[in-house]
Structures are given as C-alpha cells and as structure tokens.
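This is what each chain is made of:
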Amino acid sequence: MLSRRDDPILALATPPGRGAVGVVRISGASLQLFVQQLAQRALNPRQATLLTLRDAHAQQIDQVLAIFFPAPHSYTGEDVLELQGHGGPAVLHMVLQHCLEVAQSGPMGKPCLPNLRLAEPGEFTRRAYDEATAHGKPRILLSAHGLPKKTIAGGDPYQWQVEQTAGAGIAQIGRAHA
C-alpha cells in the first residue's frame, strides 16, 4: 500500500466562498485512468477541454474546463488534473464529491484512483517543493518559497513592494549559488 505521502490528492485551488470560477485540482503519480473515467475520453496534455460532469443518476453537476498536465511538467511534478468550473460552494462541493466517487469506480469494479483523498493545507506546495528539491531545481525552490509571502500580502501595496524587493534579493542569492 502507498504511504499517505504518496496518496493522490484533491483540493480546491481557489479560495472558499462565492466566486465566478472555482478550480478543483487533483495530483498523483498516475492519473491517466482516472482522467479517462472522469472525462469519458482521453485528454490532450495542456489543452482545455469542455466537459459536462454528471452524477450517478445522469444529472448534470457542472460544465468544466479540464486541463491535464502530465508529469513531470506540472506544479507538483506529478500528473495534475485541473477542473475549472462555476465557483458556487455547493457546486464545488459536488465536483469534489464526484471526483472522490469516480476514483472509487473503474474497470472490473476496481478503483481507478485508489486512496484519493482531500489534500491537507499546503500539501500541493509541499509536493512542488519536494519535487524541486529532489531534482535540484533552485529557481523553482525560490518560486515556491515566495508563494506564502505573496498570498499573505493581500491588497496592501506597501506590503507587496516589500515582498517584491525581498524576492529580488532571494533570486539574486539563488543565481549566485546556481
């Protein structure tokens, strides 16, 4: 059995609450069978495809743009599927639930994505950081390092300027050691 660290993960990639667009992201070592089961077809890498997601009773859940990023050319370095749909909390909850259900279905009654679970806070970024560390990609490490600062800065222009200045200094240090 895979360790919890190797489990495929699923989460909202957009802030919770109401919004025009909501993004659900799935990351794992091998998502091809899951993608095929969810989309009912193969998806071309890095190309947006319009999908209608339907529940077990053929009722429409949402129409989404699905984009598949095969490993290693993704944020986490694993296969990543991004679903961009309507941003209402109820719809996003149904999309998350649908993904969990699809993961447990598959050919011959076997799960197509065993152990898919909701990600812990920051787990996608942790995987990106671990992937960059494992493959000696210092520029990616610096980008991942700056993420928390940029997301915390909010709308304060002064705070943003401080973060930009600090980021430039870190980037120069990274180039000096690359």
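Rules of the game
- Residues numbered from 1 in each chain as written.
- Predicted model: local features only at pLDDT ≥ 70, side-chain atom pairs only at ≥ 80, totals over all residues.
- Heavy atoms only, no water.
- pLDDT = per-residue confidence, 0-100.
- Contact = heavy atoms within 4.5 Å.
- Core = buried A, V, L, I, M, F, W, Y, C linked by side-chain atoms within 4.5 Å.
- Buried < 20%, exposed > 50% of the residue type's maximum accessible area, 1.4 Å probe, protein only.
- Helix = DSSP H or I, 4+ residues; strand = E, 2+ residues; numbered from the N terminus.
- Pairing = 2+ DSSP bridges.
- Axes fitted to C-alpha atoms, helices over the stretch in contact; angles between N-to-C directions.
- Left-handed = near helix turned anticlockwise from the far one by under 90°.
- Nonpolar A, V, L, I, M, F, W, Y, C, P; charged D, E, K, R; others polar.
- Expected span 1.5 Å × (residues − 1).
- Arc of directions from axis to C-beta.

*Asks:* I tried to follow the confidence of the model for the protein chain on my own but got confused; where do I start?
*Replies:* Low pLDDT means the predicted atomic positions in that stretch should not be read closely. A residue-level look at the protein chain finds 74% of positions with pLDDT of 70 or above and a mean pLDDT of 81. Below a pLDDT of 50 lies the segment residues 156-162, which in the model reaches three contacts outside its immediate sequence neighbourhood of four places, other chains included. Across residues 169-178, where pLDDT falls below 50, the model places eight contacts with residues more than four positions away in sequence or in other chains.

*Asks:* What is the right way to look at the nonpolar core in this model?
*Replies:* Note on soluble globular proteins: their nonpolar side chains tend to be buried together. By size, the foremost hydrophobic cluster in this structure holds 26 residues, and its most contacted members are Val24, Ile26, Phe34, Leu81 and Leu83. The set of elements that each furnish at least two residues to this core consists of strand S2 (21-28), helix H1 (32-39), strand S3 (49-54), strand S4 (60-69), strand S5 (79-86) and helix H2 (89-103). Looking at which element gives the most residues to this core, the answer is H2, with six residues. Aside from chain neighbours lying at most four places away, what touches Leu83 is Gly22, Val23, Val24, Ile26, Leu38, Val64, Leu65, Ala66, Val95 and Cys99.

*Asks:* Is there a simple way to think about the side chain of His98 in this case?
*Replies:* Mapped onto the secondary structure, His98 falls in helix H2. Under the relative-accessibility criterion, His98 is labelled buried at 9%. In this view, His98 contacts Leu38, Leu53, Arg54, Asp55 and Ile61; residues no more than four positions away in its chain are not counted.

*Asks:* Explain the sheet that holds strand S1 (residues 9-12) here, please?
*Replies:* Picture the strands of a sheet paired through backbone hydrogen bonds; they go either parallel or antiparallel. Strand order in this open sheet of six strands is S3-S4-S5-S2-S1-S6, and the pairing throughout is mixed. Pairing within the sheet leaves two strands with one partner each, and these edge strands are S3 and strand S6 (117-118). By the bridge criterion, eight bridges tie S2 to S5 in an arrangement that is antiparallel. Residue pairing for S5: Val24 is matched across the bridge by Leu83. Helix-sheet contacts for H1 involve S2, S3, S4 and S5, and the interaxial angle to S5 is about 25°.

*Asks:* Teacher, can you tell me more about unusual backbone geometry here?
*Replies:* Among all residues except glycine, the phi angle is most often negative; among peptide bonds, the trans geometry is most common. Looking along the chain, the bond that leaves Ala71 and enters Pro72 is cis, with omega of 0°. Structurally, Pro72 is set in the loop between S4 and S5. In this structure, Arg46 is a non-glycine residue whose phi angle is positive, near 55°. Take Arg46: it is sitting in the loop between H1 and S3. At Met108, a residue that is not glycine, the phi angle is positive and equals roughly 55°. Counting through the fold element by element, Met108 comes out in the loop between H2 and S6.

*Asks:* Would you explain the packing of H1 against H2 in this entry?
*Replies:* For any two helices packed against each other, the geometry comes down to the angle between their axes and how far apart the axes lie. For the pair H1 and H2, the least separation of the axes is 10 Å and the interaxial angle reads 115°. You can see that H1 and H2 cross each other, and the crossing is right-handed. Here H1 contributes Phe34, Gln37 and Leu38 to the contact with H2, which in turn contributes His98, Cys99, Val102 and Ala103. Within the contact of H1 with H2, the residues separate by chemical class into five nonpolar, two polar and no charged.

*Asks:* Before we go on, may I ask you to explain the pairing of S2 in this structure?
*Replies:* Regular strands place side chains that alternate from one sheet face to the opposite one. With six of its eight residues buried, S2 lies for the most part within the structure. The pairing of S1 with S2 spans four bridges and is antiparallel. Its bridge partner lying in S2, Leu10 is registered against Ile26.

*Asks:* Sorry, what's going on with H2 here?
*Replies:* The periodicity of an α-helix, 3.6 residues per turn, causes residues three or four positions apart to be oriented the same way. Its 15 residues place the ends of H2 21 Å apart at the C-alpha level, agreeing with the 21 Å of an ideal helix rising 1.5 Å per residue. Inspection of H2 places Leu92, Val95, Leu96, His98, Cys99, Val102 and Ala103 among the buried residues, and these make up the whole buried set. Down the axis of H2, the smallest arc covering the buried residues is 160°, so these residues share one side. Exposed residues pointing more than 90 degrees away from the buried face of H2 are listed as Ala90 and His93.

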